[in-house]
Structure formats: C-alpha cells, structure tokens
Amino acid sequence: MFMHGRILKAGPFPSGRRVRPLVWSMAFRSLTALVGGYAAAAVLATLIARLLPIARVEATSWGMILSFPIYAGIALWCFHEHRLLRVAAAVWGIATFGGGLLWLLGVRP
Amino acid sequence: MTSAVGTTLRQSMAWIHGWLGLLAGWILFAMFLTGTASYFRPEITQWMQPEFRATPVSTAHAAQTAVTHLQRVGADDIQWYIYLPDARTAVTRIFEQRKPDPKAAKRRAPEIVLDPATGDVVRARETRGGEHFYRFHFQLQLPHPWGRWLAGLCAMFMLGAIVSGVITHKRIFADFFTLRWNKGQRSWLDAHNVSAVLALPYHAMITYTGLITLVAMYMPWPVVANYAKPADFAQAAFGTPTEREATGTPAPLVAIGPLVADAKRRFGASVATVVVRNPNDAASTVTLYRHSSASLNGRGPSVTYAGSDGRFLEGAADVGPALATAGVMLGLHVAQFASPALRWAYFVLGLTGAAMVGTGLLLWTAKRRKPGATPFFGLKLVERLNIGVIAGLPIGMAAYLLANRLIPADAANRADTEVATMFWVWGGVAVLQLLRPAPRAWTEGFAIGALTFAAIPVADTLTTSRGLPGSMLSGDTLFAAFDVAMLAVAALLALGAWRSSRSKPVAKIRKTLSETVHA
C-alpha cells in the first residue's frame, strides 16, 4: 500500500519530528511539479516555437499545442522519480537554463 | 514521504492518479456536467424564452434588419458585432462598441437580442439561458481571470489523471468487459474503469482540446518569443483583418445583404458573424466569419469588404498544419460541427465523463471505509463533499431551469435571480445533507434530483403553452425533446436513488483490491 493510503487511512495526520521533514519534502516536490513543471513546459514549448525552422506562425502554434502534454509528462515524472534532488535539478534547471537561453535569443527577428 | 514515490512506474502513477482525482474531482465533475449541458446551449436558451417564436428568415435578411436597427441606435459607433441566427439559434444578437463618451460614466453597451425577421428587440423573459452553463463550465462563477485559471488547473490535473490512470491499468482491454454489480468497492472500481476506459478517447480528447480553447491565456510564451506585438500573431494565425483608421469623412454603409451572399459563395457555407468597423465612415470595413458548423476546424475563415462601396479587401488564406490542428482541436471541443445524432453522442459521452469522475470519487471513500470502524475525518469530509457535488449539483441545475418557469416573466433582474437560485439551492442541499446519515443523504439527494427534474416539464406545461403533450402533437420538436430529456434525466436520478437505497454496507470483497486499485 502506498503512503497516502497509510497516512490518510490512519486518520489524523501523524505529527512529530519524524514526519515533518517528509511533509516539507512532499510540499517541495508538489511545488516543483506544479510551478516548476509549468515553467519548464513553458520554456520547452517556447524553445520549440523559437527554434523550429518553419514559418513563425506554425512554429508558435506547435509550441502552444505541445505545451500541455509536456507539462503533464514533467509533472508526473516529478512524482515518479524517487530522488527529490534530481527532480528539482532537472525541472528548475530546464526552466532556468532554457529561460536564460530564450532571453539571450530574444524575439525571433 | 519520499519513500512513497518512485517504486514501480505503475505504483507511482496509481498514487498520483488518486491525488489528482481527489483534489480536482469535485470541480471536474461540475465542469463535465455543465459542459455536457452546454452541447445544447442554443436549445436551452430557446427553451428558456418560450414566448419567442422566430419566423425563419435568410441570414442576409437577418443581417440587414440588424444593420437597420444599429443605424438607428448607434450610427457613429466604433464597431458593431452581429451574431446571425442559424438552424439552432432563433435570434440575432448584437453588440455595440460605442465611442468613448466623456459625459457618460464608463458603461459597456449590453448585448441586445433582436428578432431576425423585423430587427425589433425581442420581447421575451430576461434570461442567461444556456449561456450560464457554458460560462460556468470554464469560468466557475469566479471573477475574471481566476475562474479560467482554476478551470485550467483542474483540466491539467485531469490530463495528468488520464495519463497516470492509463499507465496504472494493466488490463485495459479486459476492463472493457468487466462490470461486477453489487460487489461494494469492487463494483465502484469496475464502474470507474468501465466509464473511463470505454470512453477513454473522448475523455483524453475533451481534456486536451479544452486546454487548447484557452491556450492563448494559459501558454502565451511561444507568442511572446516570436512576435514583438502579440496582435501580429492573431493577424497571421486567425486572419484578423488589418486595422484601418476612421478618416472622419462620412460615407453611407452599403447594403449588407449582397455582402453576406458573396461571402456565403466564397465560403461555400453560411455566415455566422458580421463585424462592421467604423460604420458610415469612408474607411469602414465589413468582416464576415464563416459558420463553425461548416468544418471540423472551429476557426472558420473570414472575408473583409470595404463598407463604403462593398469591394473585396482581404480574405484569410489557407492555414498550415499546426494552425489547422489547433483549429480542429477547438472544433472537436465545442462540437459546433456535430449533427444532431453526433451531438447526442457527445452528450452521452460527456455524461460518462461525469460518471468517471463521480465513480472515482466514490471509489476513494469505498476503498478507505472499514466495516465497523468509525470513519476518520478525511473520509467523512470527502464523502460529504461527494454528496454535495454529485447529488447536489444536478438539483441546482434543475432549480435554475425551474426558476425560469416560476419567476414571473417580467420580474426585475430575473436573469440574475435564476442564476442565484441555482447556487442557493445547490449550497442549501450541500449543507442540509449534513443533517442526514450519509447513506440516506445519497438516496434522498438523488430522489430530490429526480423530483426536481420531473417537475420541469410539469412547470413548463402549467406556465406556458408549449408544454407536453401539446408540443409533441404540434411538432414543436425542440420543446418536446427538451421536456422528454428532462424526464429521462429524472429517471436516471431515480435509478440512482433506488440503487443507493439498496446498497449494502461495504462488503468483504477486498482481497484482490490492493493489487488492482492504486496498488
């Protein structure tokens, strides 16, 4: 059985020093999936739009269309990968470096 | 807690599937139900104005009467919007964008509804009609833009729940044929699987395409990276006509009828919308948009004419594969292209979506209830929210339709009162059910729902001249079908009440579950 089963089934949320770090790590993981996942998906979709060597309007549309499955994939992976550090590094890393790259590239000339 | 995540893929996906469904489930249920009703948005609106019977006229005639009306009330407006009647909409809707008037307080001109035959304002009871369910479906009755953001977030949860749910299933084909009734939790799992798996292509399509309908709001960044002015994207993608400034030189507007006929010839389909910019100015333009029933692509092309002499100015060129994909996704979601039979199929599939979300929520409680044990707070909370939404929302929706017949036709602010009725009744039901034991609350909730829906055709017959069985005999198809559909919904809810009254306390069939449900 899974953890949500164990904790919610047990009733009142267990408190104490043992559990609190787990709550924080799950909160951070969820934030990474939700906010970081959006940022990473936005950055990847925008890179597709900016770099695909096809008509600007078409590349823009492909980026927008693909953004949602990308977001879903990243967010779900955040809950599959066991190592939180790896999750955070990948998601926030893509968002930061991709975002930086887009900033350097500027608006398509 | 991290130990929970990252075992096998199926396990982690089952875990996240449960959370996604639980957190977004209630809003998703409401979005599915009101969205499903929205497939009949124009029909609901027609039903909610029973005193108006349109004389069918051509779109060219309707456009001309609307322009005549607008010349009378707003000859110097900046822009006119005219939404023409079609096979499903009986009225012409117009909207003026007025010149900013320093004297008048900032007031938006309201939308006006015209009789297409005469161009006179329709005299019928004030109502939001089917528009209310449609707006609630993606705005959730919250202030702009929060409702749309929340709806988008829930749709994203849904997309995640679909992907993780599919991964969780190892027997997706066998589940097609598996429904074991009256086996407690096992049955809820089966019902959830059947409603989800059977209509999976629909669920995946409707969720993804729903996000696409508001993609410009949810994911504007690709536009930002490629266009210095976002309006240039709209121009390139949707063929928004070029902005032409008013010259100040007056020039009378040409007759609109021939333009509508010409556009119809160019489209090979009827015209849905007319936009007149700077009417009665030498630089005025008339843009006509194709009706979205003409194609799977929900974004029809447009043509623009000069308003002063009617010459052709520009028309949207063919779009590339990405824009066509986006347009078709939009079209698939709003289903304007669908013929009546397909529309009913959409309606039934929408109900399976509500059933999938509903059974998923019920499964969550069924799985955690232990025979003999006092339910913990979370379980009681989820169960009560389930009753409040799954049994409560249909009652609220029925109350909205009933209010339309019971509030006097000339009452002040009656459109707002109708909407308020829906939420007060829904909220009232959600609170009052707390007074009853949960199993009784389910049965009684469904029973009240059945009664309220059954009351709709009765109220229709008592308060209008278009009720059953007269509407059937006189061939008033829309009214007859609407009232029969209400009786069908009532029967469905009665079935729910009957079944929930017979459900036994959770049975012992729990053994194989840890393997199959959210293992």
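Worth saying up front: this structure is predicted, and the values here are computed from it rather than measured. (Residues numbered from 1 in each chain as written. Chains lettered and ligands numbered in written order. Predicted model: local features only at pLDDT ≥ 70, side-chain atom pairs only at ≥ 80, totals over all residues.)

Enquirer: How would you explain the overall build of chain B if you had to name every residue and give the values?
Expert: Within chain B one finds 19 helices and seven strands. Relative to a compact globule of 519 residues, whose C-alpha radius of gyration would be 24 Å, chain B shows 26 Å and is just as compact. Seen through its C-alpha atoms, chain B measures out along the principal axes to roughly 85 × 60 × 45 Å. Looking at chain B alone, contacts between residues at least 24 apart form 70% of all its contacts between residues at least 6 apart. (Helix = DSSP H or I, 4+ residues; strand = E, 2+ residues; numbered from the N terminus. Rg over C-alpha atoms; globule rule 2.2 N^0.38 Å. Contact = placed C-beta atoms within 7 Å.)

Enquirer: Mind laying out the overall build of chain A, listing which residues take part and the relevant values?
Expert: Along its length, chain A carries four helices and zero strands. Listing each helix as α and each strand as β along chain A from the N terminus yields α-α-α-α. Here chain A, with 109 residues, has 39% of them falling under the buried criterion. Counting contacts in chain A only where the partners sit at least 6 residues apart, residues at least 24 apart contribute 70% of the total. (Buried ≥ 20, exposed ≤ 12 C-beta atoms within 10 Å, placed from the backbone.)

Enquirer: Can you explain the sheet that holds strand 4 (residues 271-277) of chain B? Please cite residues and give values.
Expert: Residues and elements named next belong to chain B. The seven strands are arranged 3-2-1-4-5-6-7 in an open sheet whose pairing can be described as antiparallel. Looking at the sheet topology across the chains shown, the edges are occupied by strand 3 (112-114) and strand 7 (312-315). Each adjacent strand pair in this sheet contributes to an overall mean axis angle of 20°, direction not counted. As judged from the five bridges shared by strand 5 (residues 285-290) and strand 6 (residues 302-306), these two strands associate in the antiparallel manner. Its bridge partner being in strand 6, valine 286 is matched across the sheet by tyrosine 305. Contacts from helix 11 (residues 256-267) reach strand 4, strand 5, strand 6 and strand 7 within the one sheet, and its direction differs from that of strand 5 by about 40°. (Pairing = 2+ DSSP bridges. Axes fitted to C-alpha atoms, helices over the stretch in contact; angles between N-to-C directions.)

Enquirer: So what about the nonpolar core? Which residues, and what values?
Expert: In summary, soluble globular proteins display a tendency toward joint burial of nonpolar side chains. Ala45 of chain A together with Phe29, Met158, Leu159 and Leu211 of chain B are the most contacted members of the largest nonpolar core, which has 132 residues in total. Ranked by residues supplied to this core, first place goes to helix 14 (residues 377-406) of chain B with 15 residues. Looking at which domains feed residues into this core, each of domain 1 (1-51 + 128-220 + 338-368) and domain 3 (372-506) of chain B supplies at least three. Leave out the neighbours within four places in its chain, and alanine 45 of chain A touches Gly63, Met64, Leu66, Ser67 and Ile70 of chain A together with Met219, Trp221 and Pro222 of chain B. Listed in part, the 29 residues of the second largest apolar core include Leu114, Leu259, Val303 and Tyr305 of chain B. (Core = buried A, V, L, I, M, F, W, Y, C linked by C-beta atoms within 7 Å. Domains from an automatic or database assignment.)

Enquirer: Go over the UniProt feature "transmembrane region" (unreviewed entry) in chain B, please, and point to the residues and values.
Expert: Residue and element names in this part refer to chain B. Feature annotation in UniProt places "transmembrane region" (unreviewed entry) on residues 16-40, 149-167, 196-219, 344-364, 385-407, 419-435, 442-459 and 479-498, given in this structure's numbering. With 82% helix and 0% strand, the stretch residues 419-435 has end C-alpha atoms that lie 26 Å from each other. Structurally, residues 442-459 comprises 100% helix and 0% strand, and the distance from its first C-alpha atom to its last is 26 Å. (UniProt positions renumbered as here; feature names shortened; annotations may be inferred.)

Enquirer: Describe in detail unusual backbone geometry, supporting the description with residues and values.
Expert: Among all residues except glycine, the phi angle is most often negative; among peptide bonds, the trans geometry is most common. Residues and elements named next belong to chain B. The residue after histidine 144, namely proline 145, is reached through a cis peptide bond having omega 0°. Note that proline 145 resides in the loop between helix 4 (130-139) and helix 5 (146-168). In this chain, leucine 468 is followed by proline 469 through a cis amide linkage whose omega measures -5°. Its place among the elements puts proline 469 in the loop between helix 16 (438-463) and helix 17 (470-473). You will see that leucine 140, though not glycine, has its phi angle at about 55°, which is positive. Relative to the helices and strands, leucine 140 resides in the loop between helix 4 and helix 5.

Enquirer: Tell me about the packing of helix 3 (residues 56-80) of chain A against helix 5 of chain B, and name the residues and values.
Expert: Taken N-terminus to C-terminus, the directions of helix 3 of chain A and helix 5 of chain B make an angle of 65°; their axes are 10 Å apart at the nearest point. Accordingly, the angle class assigned to the pair helix 3 of chain A and helix 5 of chain B is roughly perpendicular. The way helix 3 of chain A lies across helix 5 of chain B gives a crossing that is right-handed. Two secondary-structure elements touch here, helix 3 of chain A through Phe68, Tyr71, Ala72, Ala75 and Leu76 of chain A and helix 5 of chain B through Met156, Leu159, Gly160, Val163 and Ser164 of chain B. Across the contact of helix 3 of chain A with helix 5 of chain B, the residue classes break down as eight nonpolar, two polar and no charged. (Parallel < 35°, antiparallel > 145°, perpendicular 65-115°, else oblique. Left-handed = near helix turned anticlockwise from the far one by under 90°. Nonpolar A, V, L, I, M, F, W, Y, C, P; charged D, E, K, R; others polar.)

Enquirer: Outline the interface of chain A and chain B, supporting the account with residue identities and numerical values.
Expert: At the interface, 41 residues of chain A touch 43 residues of chain B. Looking at the side of chain A that touches chain B, the elements that each hand over two or more residues are helix 1 (3-9), helix 2 (20-51), helix 3 and helix 4 (84-105) of chain A. Among the elements that take part in the side of chain A that touches chain B, helix 3 of chain A stands out by supplying 18 residues, more than any other. Residue classes in the side of chain A that touches chain B are distributed as 25 nonpolar, ten polar and six charged.

Enquirer: Outline the confidence of the model for chain B, supporting the account with residue identities and numerical values.
Expert: Residue and element names in this part refer to chain B. Of the residues in chain B, 92% have a pLDDT of 70 or more, and the chain-wide mean is 90. Segment residues 1-6: pLDDT under 50, and 22 contacts once partners within four positions in sequence are set aside and those in other chains are kept. Ignoring residues within four places in sequence, the model shows residues 506-516, a span with pLDDT below 50, making 16 contacts including any to other chains. Predicted complex, confidence summary: ipTM 0.90, pTM 0.91. (pLDDT = per-residue confidence, 0-100.)

Enquirer: If you had to explain the domain arrangement of chain B to someone new, which residues and values would you point to?
Expert: Structurally, chain B comprises domain 1 (1-51 + 128-220 + 338-368), domain 2 (55-123 + 240-315) and domain 3 (372-506). Each of domain 2 of chain B and domain 3 of chain B has a C-alpha centre, and the two are 40 Å apart.

Enquirer: Can you lay out helix 18 (residues 477-502) of chain B for me, pointing to particular residues and giving the numbers?
Expert: The α-helix winds at 3.6 residues per turn, so residues separated by three or four positions along the chain end up facing the same way. All names here are of chain B. Its 26 residues give helix 18 an end-to-end C-alpha distance of 37 Å, which sits within 8% of 38 Å, the value for a rise of 1.5 Å per residue. Every buried residue of helix 18 is listed here: Phe479, Ala480, Phe482, Asp483, Met486, Val489, Ala490, Leu493, Gly496 and Ala497. Contacts from the buried residues of helix 18 go to helix 2 (41-47), helix 14, helix 16 and helix 17. (Expected span 1.5 Å × (residues − 1).)

Enquirer: Please give an account of the pairing of strand 7 of chain B that cites residues and values.
Expert: Residues and elements named next belong to chain B. Pairing between strand 6 and strand 7: three bridges, direction antiparallel. Looking across to strand 7, one finds that threonine 304 is bridged to glutamate 314. Counted between consecutive antiparallel strands, the loop separating strand 6 from strand 7 contains five residues, among which glycine 310 sits at a positive phi close to 80°.

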